[in-house]
Amino acid sequence: MAVASRSTLVVHGSFAMRASRLAAARDSRHGLQVMSFEQAAVRLAGSFARPIDDETLRVAIQETLPVTPMGELESIKTLPGMIDAAADTLQKAWRAGIDLTARAVDHPRLGAIAHLEAAILDQLPSGMMRPVDIVAAAIARIGHAPAVIGPMEIVGLTELSPCWRPLLLALTAHIPVQWTAGPRSVPAWLEGTGVHVSRAPTETPEISAVSAATAYHEAIEAMRWMRSLLASGVSPSEIAVVTASPANYDDHFLALRADANIDLHFVHGVRTVTTREGQAAAALADIVVHGLAQSRLRRLAALCRNSGSFEALPEGWLRVLPTDAPLSTSTAWSHLLARLTPEDWPDGTDHTPALRAAVELLARGSDAAADIGEAFLNGRALAIWRKALLAGPAASIDATLETLKQDDGLEACVSVAWMPASALAASPRRFVRLLGLNSSGWPRGIAEDRLIPDHIIPTAALNPLPVNLADRRDFETILATTTGEVVLSRARRDSDGRLLGRSPLLTGHNKETYLRRNAVPMHAFSETDRLMARPQDFAVDPQAISAHHCWRAWRSTEITPHDGLVRPDHPLVLAILSRTQSASSLRRLLRNPLSFVWIYAFGWREPQSSAEPLVLDALGIGNLVHMVLDRALRDLKTGGGLTSADTETVEAAAARAAQAVAADWESERPVPPAIIWSRTLDDARMMAGRALSYGDDLLPGARSYGEVPFGGSEPKSDAETPWDASAPVTIPDTGFNIAGYIDRLDISGDGKRALVRDYKTGRPPRGDIRLNGGRELQRCLYAFAVKALLGDDVAISASLLYPREPVDLQLDDPEAVLAEVTGYLRAARASLAGGAALPGPDTGGDYDDLAFALPANASATYCKRKLPAATKRLGEVAQVWEAK
């Protein structure tokens, strides 16, 4: 059997290598080795020689840069991006064949970079060489070229870096060397070198030009174009979509690829953060760079549930974290960890030490980035983390992760390809679509090197083929080598709506098809695209039918099931009406029946953010003041009670309570910035002091209670209560049981009088109020609860106290008001049981926490449109909205 002779095919880029190897296998070209010119030089150099790869170079720079004097670059050598800039500059200088050591005397900047180069070369593993050293070693063994390389054919290249040219010239004396240019341009320096140049006529594809609305629209039209070709029988391996800078389109194609279910191969790779492993590394980087917080820890735990330090924690351990606490400081974590008991953990075992160890390690930040990665990541995620630490400083690892890429796992030779123009220029396909042909996108502008500007070494010498010339040459090469069809595409506007100019490369292609964003496509690229393009198909889709009916119902002035009408005596509605109510839930029932059903029947809640707010909202301030009042009142009880305390004692108790509440609040809830938080605490302390001091002469010798539970509510502390908190409280003739907490209750020494106070931290209303349209039910309901629990012989006074002013609004004749409220509640119960879960005056308002579930701008449109019909349908219930 004859032994196949060895020959070498030199191509550019991994995409061209894959295609050439597949073609060689199909043609049974035994003995053919496909490689880049650099790989051929290394093969000839022998002796375990190898080139300096990017990752090893970055490791060496990272280790040597801090200890290498960098002259005028000393002040920036620790900044993010310096490792990348240094690697880029050294690679350019090596490819250009520039001897940095010899030119070190020309400029201090070159001297600094030469020192860095020398330190790096000392750090590199044995056998790893610069291109100039590889060339020297290869020329020394040039006599082995016929056996090692054999006849060489260079295909798809339009230029060769200056560092490799001496070796190419030397090879022509020992082996046949053919430069197969085809219709591509040929470098002028090849003339007279002994390299045989093979040319071919320029291809004449069908060329068309189109303009799309935006870059995203360009991507959509490209996907439709792909689908049309595939549907016509074109092989995926013959289709390519290219642009000069793919990063501007990567996110669009990544999303559209999933929707279209087309194997679209990203030749240049996908960003690592688009994968689950990349997201795990990004979640950890967010903590390392920006600090530990609950939201960041939850994200990390969700992505690394069974790896690293989380393996020791039980399933569901996140329940020990208070959901609305940011936990963004070490103090907050210390308070939380100190309070945890074995009963708090899902399995009843104390895992606090394991959680404490994890939190303490994460709190070390970027200084311990390597240790943190090893502790929390494994597998592919850990490999990504290590690579990011090599590519840049730990302090900016989140930014570094954004730039890392990895293979998408698809085979290039059997897939539609999305790639940079340079990759297609080296390995053409039959059907090509060029995107981004705008004035600033293709060709791109020339940029000086970040460390060696043009006045030190001219850009033309440092980079013989700058990016703008390379873009022009790639464009010309693609048009000359494509055999089937070329579509030239550009965007008319950017994502912000600004007009974009045409690329100068489009000169001569002035006949341009204007693609409308909402045009009906000839070929839909996905199911979603098909339904949007064919209204008749979309119209019979069950979701579309429901959405259409809902939209028409929302636009109508009539009340429909889409507005909250349900069948009478619905079991779920009856169930929520039979639950124990609170003053807040009954207020919602009266003023927003729709929201009442959403919350208590559906269990909907406003999403809670653990982000630290700029200021506390009205509800937050109210809760803070109530907590300070309750704690201060309990503090005063230990010193003889509120009645025996003077102003100074009350203020001191309020100050102590504010300090204690602040510590608890900071460990469990979001807090504003420090200076605003301090002012908020001062306001809470001031209002608590005023509230406790106000009217203390009305019931001398009284016993005072705060946050008093009733109706089955669990006590918030172990403080004494004036009654059995588990005893039910039923509003007569309504069927409602109520429960809750009374802000302040004073009972006279003889037990014959009681003062019920509900604190309001906002501004007092103008004039006296009784029900305030159904907004104020607390005084009446709490007065009734106290009378029911203490006995009918106790005289009850109920008031709303606004300590900010201070103003105390007494409720006149609580029994008459209760009779009025009873009528409204009875009507509300009957109305809701009858199926009227309708919008009310609070629907869509500023304090409607479920307004996001309503049509957009509901308060100005939908609610105004529906309220007259809802008022009519609710009947007697709506009368409470006008009650004083």
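Thresholds, definitions, all that
- Residues numbered from 1 in each chain as written.
- Predicted model: local features only at pLDDT ≥ 70, side-chain atom pairs only at ≥ 80, totals over all residues.
- Heavy atoms only, no water.
- Helix = DSSP H or I, 4+ residues; strand = E, 2+ residues; numbered from the N terminus.
- Rg over C-alpha atoms; globule rule 2.2 N^0.38 Å.
- Buried < 20%, exposed > 50% of the residue type's maximum accessible area, 1.4 Å probe, protein only.
- Contact = heavy atoms within 4.5 Å.
- Areas by Shrake-Rupley, 256 points an atom, 1.4 Å probe, with all protein chains shown as cover.
- Axes fitted to C-alpha atoms, helices over the stretch in contact; angles between N-to-C directions.
- Parallel < 35°, antiparallel > 145°, perpendicular 65-115°, else oblique.
- Nonpolar A, V, L, I, M, F, W, Y, C, P; charged D, E, K, R; others polar.
- Pairing = 2+ DSSP bridges.

Colleague: Which residues make up the overall build of the protein, and what values go with them?
Modeller: The number of helices and strands found in the protein is 32 helices and 23 strands. In terms of overall size, the protein is more extended than a compact globule, its C-alpha atoms giving a radius of gyration of 38 Å where 884 residues would be expected to give roughly 29 Å. When the backbone C-alpha atoms are referred to their principal axes, the protein occupies close to 120 × 65 × 55 Å. Looking at the protein as a whole, 48% of its 884 residues qualify as buried. Pairs at least 24 residues apart make up 74% of the contacts formed inside the protein by residues separated by at least 6 positions. By element, 52% of the accessible surface of the protein is carried by carbon and sulfur atoms, the whole surface being about 41,000 Å².

Colleague: Account for the packing of helix α15 (residues 369–376) against helix α16 (residues 379–391), naming residues and giving values.
Modeller: The N-to-C vectors of α15 and α16 enclose an angle of 170°; their axes lie 9 Å apart at closest approach. As summarised for this structure, α15 and α16 are arranged roughly antiparallel, according to the angle between their axes. Residues A369, A370, G373 and E374 of α15 pack against L382, W385, R386 and L389 of α16. By residue class, the composition of the contact of α15 with α16 is five nonpolar, one polar and two charged.

Colleague: Can you break down the sheet that holds strand β13 (residues 416–420) residue by residue, with the values?
Modeller: The strand order across the open sheet formed by seven strands is β10-β13-β9-β14-β15-β8-β16, and the pairing between neighbours is parallel. Looking at the sheet topology across the chains shown, the edges are occupied by β10 (264–266) and β16 (512–514). Taken over all neighbouring pairs, the strand axes of this sheet differ in orientation by 25° on average, direction set aside. Note that β10 and β13 share three bridges and pair parallel. Note on β13: the bridge partner recorded for L264 is V416. In the packing of helix α10 (residues 247–260) onto the sheet, contacts are made with β9 (239–243), β10 and β13, and the angle to β10 comes to roughly 150°.

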